[in-house]
Structures are given as C-alpha cells and as structure tokens.
Amino acid sequence: MRKYGVIGLGQVGATVAYTLVQQGTVDELVLIDHNEALAQAQKIDLEDASARLASTTKIILNDYAALADAEVLIVASGNIKAIDMTSSKGRFGEYESNQAIVRDIAPKIVASGFKGILIDIMNPCDVMTDYLQRLTGFPHNRVFGTGTFLDTARMQKYVGQALGTNGKNVDGYVYGEHGNSQFVAWSTVRVNGEPIANFQAKQNLDLNQLEEDARQGAFAVMAGKGYTNFAIATCGVRLAEAVSADAQLACPVSAFDPEYGTYVGMPAVIGKNGIEHLIQLDLTTAEKASLTASAEFIKKNVDVLPQPVKN
Ligand SMILES: NC(=O)c1ccc[n+]([C@@H]2O[C@H](COP(=O)([O-])OP(=O)(O)OC[C@H]3O[C@@H](n4cnc5c(N)ncnc54)[C@H](O)[C@@H]3O)[C@@H](O)[C@H]2O)c1
C-alpha cells in the first residue's frame, strides 16, 4: 500500500494531488488544508474523476493522524497572493505568512507520528525547508526542498532553446537559493556531453542572459496567471517517486549542507532515505563564493526566526 500526504491544496498542492491521482501513483492520499471548504471541493473534484481513471485513490481529508504511515509528505501550503511581482522581495513576500504556517503544521506533523520523507515546496523554499526541519526535529536526510530542481529545469529549457536542442540534452545544475541569489554553475553544464564553454565560443551564447531567464522564469508565468503550478508539481511528484522507487536519482534540491549549517540548492542523490548523500562537485572559485553567499543569506533568514525550545 502506497500512501502520500499533501499539505496545502491551493494551485500547487491541488496540481500535485491531481497528478498523483491521475497517474495512480498512490493507493491513499491524505489531503490537508485549513480552508475546509476548499479541501472538500478538491476531494470531491478528484473523486469525480475516479470512474474514468484506470486506478483508484482513496482520499483522506484533513486528518493529520493518517500521516502516521505515509511514505512521503509534500508541503505546498502558503499564501501566493503575498508575493508582489513588482517588489524586489520576490519570494520573501511570503516570509511572514509561511513561517507562521511552519509553526502551525510542524507540531501537528510530529504528533501524527509521520516517519516518512518530507518534501517542502513552500517559499521561500530553502528558508522554510530549514525551518521545517528545525521545528520537526526530523533528521536532515528526511527533510528536503524542491530548491533549484525547477530552476535547473528552466535553465535546461533556455539553453536547449538557444542551441536548438531538447532541454533534456542539457546537464548541469543551478545552485543556491530558490530565489534571487541562485546561480547557474556553468562549469557543470554540458550539452549532448560537450561542455557549455565549447558552444559559448562557437555560437556566441549570452550566459548571463540565460542565467537571468532561468532566475526570472517563475515571474514570466506569474505575470500571466498569478501563480505557477504545472512545472513545480511535476518536480515535487518526481522527487516523491524517486523516494518511493529508491531511485538514487541525482538532482539539485534544497539539501542540508553541514558546511553551511543550512539548506541550500545543490545536487544530491535521492532515494528511500530522502537525501542519500550530497554530490560535491569541483566548482570554480567564483561559483564556490556565490554558493557560500547564497547559503549565508538563507541561514541568516532562518536563524532570526523563533527557534524550537530545547528540553
Ligand atoms: N519551490 C518552488 O519552486 C515553488 C513553485 C511554485 C510555488 N511555490 C510555493 O508553493 C506554495 C503554494 O503555492 P500556491 O500557488 O498553491 O499557493 P496558494 O496560496 O494558492 O495555496 C496555499 C494553500 O495553503 C493553505 N494553507 C495556508 N496555511 C495553511 C495551514 N496552516 N495549514 C494548512 N493549509 C494551509 C491555504 O488555505 C491554500 O489553500 C507557495 O508558498 C508558493 O510560493 C514554490
């Protein structure tokens, strides 16, 4: 029996839930949202699809206790309307609302007896992932965030478009914060196996512009619909499935790095234990400095939050 939970049933959580039900990924799905009417509506809508689907998913609503034997919990709560696209605060528009959400949900998750892997999507992603780990007290490997998994997908798309190839043929990683201080570690990027530097010389690639396109990718979507959902839900589900399948999938996520004492976007291997291990690549001096600066920015914003009381 495969069972996941999703907290937050707005645009992102609903799309995660729909994907899981539509694919038949899980037998049971625990859906939680403090907006009772919305939660009920999402459940009914998903159940209405049931007769047309090959698989059947049992939906359990607003019952934290049901998380006790869930394999994966995806946190997609938040308040997307708090992000003002014209403000330089970016995803930190949700900093106040979402730290309060962490303080609300973390004790409930712990009390449920949840023993699985917690994947945070909620923004600002690295800060909230770190805060969720601190307030749940779960081991670092059992808590991680989607981090730069989506930003890396955007980078792959833009580089692929610039070079007339499928983004799937682009390897490499966006590191750092899922936010303004992220950067593309170009030393890691290869296209059809060739280092990006080879194409840069031949085809006059503007790497700064490609990096900025990836960084601003969310806002290109939000400008039209006020939220993003398909790509991030795809990322969240892919990571959850990597846990279930013990896939040992190498991908960039927001993982705890003891060197920085916080969560930050970097490549890691995902398996049944969540973060199996970090992938330490030989970054250039400039890339290493950018990662340090990004991690320090994240840690500073977690350290000032109310911390768990030590017994
Ligand atoms: N990491 C990424 O790459 C990425 C991408 C897209 C969105 N996001 C983030 O995901 C989050 C969700 O986005 P959205 O567009 O679905 O937002 P939304 O505002 O549409 O939905 C958030 C949902 O969370 C629920 N909620 C709020 N507080 C709660 C609580 N204490 N307990 C249970 N439920 C609670 C709300 O009722 C709402 O239904 C946001 O923080 C958003 O910024 C992250």
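Residues numbered from 1 in each chain as written. Predicted model: local features only at pLDDT ≥ 70, side-chain atom pairs only at ≥ 80, totals over all residues. Heavy atoms only, no water.

A.B. asks: Teacher, can you tell me more about the packing of helix H5 (residues 149–163) against helix H7 (residues 207–215) here?
C.D. replies: Helices that pack against each other are described as a pair by the angle of their axes relative to one another and the distance between those axes. It is the contact of H5 with H7, at a shortest axis distance of 8 Å, that shows an interaxial angle of 135°. In this view, H5 runs oblique relative to H7, as classed from their interaxial angle. Seen from above, H5 lies across H7 with right-handed handedness. Across from Asp151, Arg154, Met155, Tyr158, Val159 and Ala162 in H5, the residues of H7 making contact are Leu210, Asp213 and Ala214. Residue classes in the contact of H5 with H7 are distributed as six nonpolar, no polar and three charged. (Axes fitted to C-alpha atoms, helices over the stretch in contact; angles between N-to-C directions. Helix = DSSP H or I, 4+ residues; strand = E, 2+ residues; numbered from the N terminus. Parallel < 35°, antiparallel > 145°, perpendicular 65-115°, else oblique. Left-handed = near helix turned anticlockwise from the far one by under 90°. Contact = heavy atoms within 4.5 Å. Nonpolar A, V, L, I, M, F, W, Y, C, P; charged D, E, K, R; others polar.)

A.B. asks: Just to check I follow, could you spell out the sheet that holds strand S8 (residues 183–191) for this structure?
C.D. replies: Sheets are built from strands paired through backbone hydrogen bonds, the pairs being either parallel or antiparallel. Taken together, three strands build an open sheet; the order of strands is S7-S8-S9 and the sheet is antiparallel. Among the strands making up the open sheet, the edge pair consists of strand S7 (170–175) and strand S9 (194–195). Packing against the sheet, H5 makes contact with S7 and S8, and its axis sits at approximately 135° to S7. Sheet strands in contact with helix H10 (residues 285–303) are S7 and S8, and its direction is about 135° off that of S8. (Pairing = 2+ DSSP bridges.)

A.B. asks: Explain the site of the ligand here, please?
C.D. replies: The full set close to the ligand counts 30 residues, and Val12, Asp33, Glu94, Asp104 and Asn123 are the nearest of them. Between the ligand and the protein, one listed contact pairs an oxygen atom with a backbone N or O atom of Gly78 at 3.3 Å. The separation between an oxygen atom of the ligand and a polar main-chain atom of Ile80 is 3.0 Å. For the ligand, the protein covers 91% of the area, taking 870 Å² as the surface of the free molecule. Going through the elements one at a time, helix H1 (11–23) and helix H3 (95–112) are the ones with two or more residues in the shell around the ligand. Among the elements that make up the shell around the ligand, the one with the highest residue count is H3 (four residues). The class makeup of the residues in the shell around the ligand is 14 nonpolar, 13 polar and three charged. (Near = heavy atom within 4 Å. Polar contact = N/O pair within 3.5 Å; in protein donor to acceptor, adjacent residues only side chain to side chain. Areas by Shrake-Rupley, 256 points an atom, 1.4 Å probe, with all protein chains shown as cover.)

A.B. asks: Explain the packing of aromatic side chains to me, please; I cannot follow it from the model alone.
C.D. replies: Two aromatic rings, taken as a pair, are described by how far apart their centres are and by the angle between their planes. What the rule picks out here adds up to six aromatic pairs. On the basis of an interplanar angle of 20° and a centroid distance of 5.9 Å, the ring pair of Tyr175 and Phe183 is categorised as stacked. Judged by its relative accessible area of 7%, Phe183 is buried. Aromatic ring contacts, followed pair by pair, group Phe92, Tyr95 and Phe297 into a single cluster. (Phe/Tyr/Trp six-rings, centres within 6.5 Å; stacked < 30°, edge-to-face > 60°. Buried < 20%, exposed > 50% of the residue type's maximum accessible area, 1.4 Å probe, protein only.)

A.B. asks: Please clarify how unusual backbone geometry should be interpreted in this entry.
C.D. replies: As a rule of thumb, non-glycine residues mostly have phi less than zero, and peptide bonds are mostly trans rather than cis. Here the residue pair Asn123 and Pro124 is connected by a cis peptide bond, since its omega of -15° sits within 30 degrees of zero. By the secondary structure assignment, Pro124 is in the loop between strand S5 (117–120) and helix H4 (125–136). Its identity is not glycine, yet Asp246 carries a phi of approximately 50°, on the positive side. As for its position among the elements, Asp246 is in the loop between helix H9 (230–244) and strand S10 (249–257).

A.B. asks: How do you make sense of H7 when you look at a structure like this?
C.D. replies: Every α-helical turn comprises 3.6 residues, leaving residues that sit three or four positions apart pointing alike. Three or more residues of H7 are buried, namely Leu207, Leu210, Glu211, Ala214 and Arg215. For H7, the angular spread of the buried residues around the axis is 140°, confining them to a single face. Contact partners of the buried residues in H7: H5, S8, helix H6 (196–203) and helix H8 (217–225). Put simply, Asp206 is the residue that caps the front of H7, since its side-chain oxygen is 3.3 Å from the backbone nitrogen of Asn208. (Arc of directions from axis to C-beta.)

A.B. asks: What should I look at first to understand the pairing of strand S11 (residues 262–271) in this one?
C.D. replies: S11 sits mainly inside the fold: 10 of its 10 residues count as buried. Side chains of S11 alternate between two faces, with Thr262, Val264, Met266, Ala268 and Ile270 and Tyr263, Gly265, Pro267, Val269 and Gly271 buried alike. Counted between consecutive antiparallel strands, the loop separating S10 from S11 contains four residues, among which Gly261 sits at a positive phi close to 70°. Pairing geometry for S11 and strand S12 (residues 274–278), over four bridges, is antiparallel. Bridging across to S12, Ala268 finds its partner in Leu278.

A.B. asks: What is the right way to look at the UniProt feature "domain: Lactate/malate dehydrogenase C-terminal" (unreviewed entry) in the protein in this model?
C.D. replies: As recorded in UniProt, the sites labelled "domain: Lactate/malate dehydrogenase C-terminal" (unreviewed entry) are residues 148–303. Along residues 148–303, the helical share is 48% and the strand share 26%, with 21 Å between the first and last C-alpha atoms. (UniProt positions renumbered as here; feature names shortened; annotations may be inferred.)

A.B. asks: Looking at this structure, I do not really get the environment of Ala70. What am I missing?
C.D. replies: Examined against the element boundaries, Ala70 turns out to sit in the loop between strand S3 (58–61) and strand S4 (72–75). For Ala70, a relative accessible area of 4% corresponds to the buried category. C-alpha separation for the pair Ala70 and Val189, spaced 119 residues apart in sequence, amounts to 36 Å. Residues within four places of Ala70 in sequence aside, it is in contact with Lys3, Tyr4, Gly5, Phe114 and Gly116.

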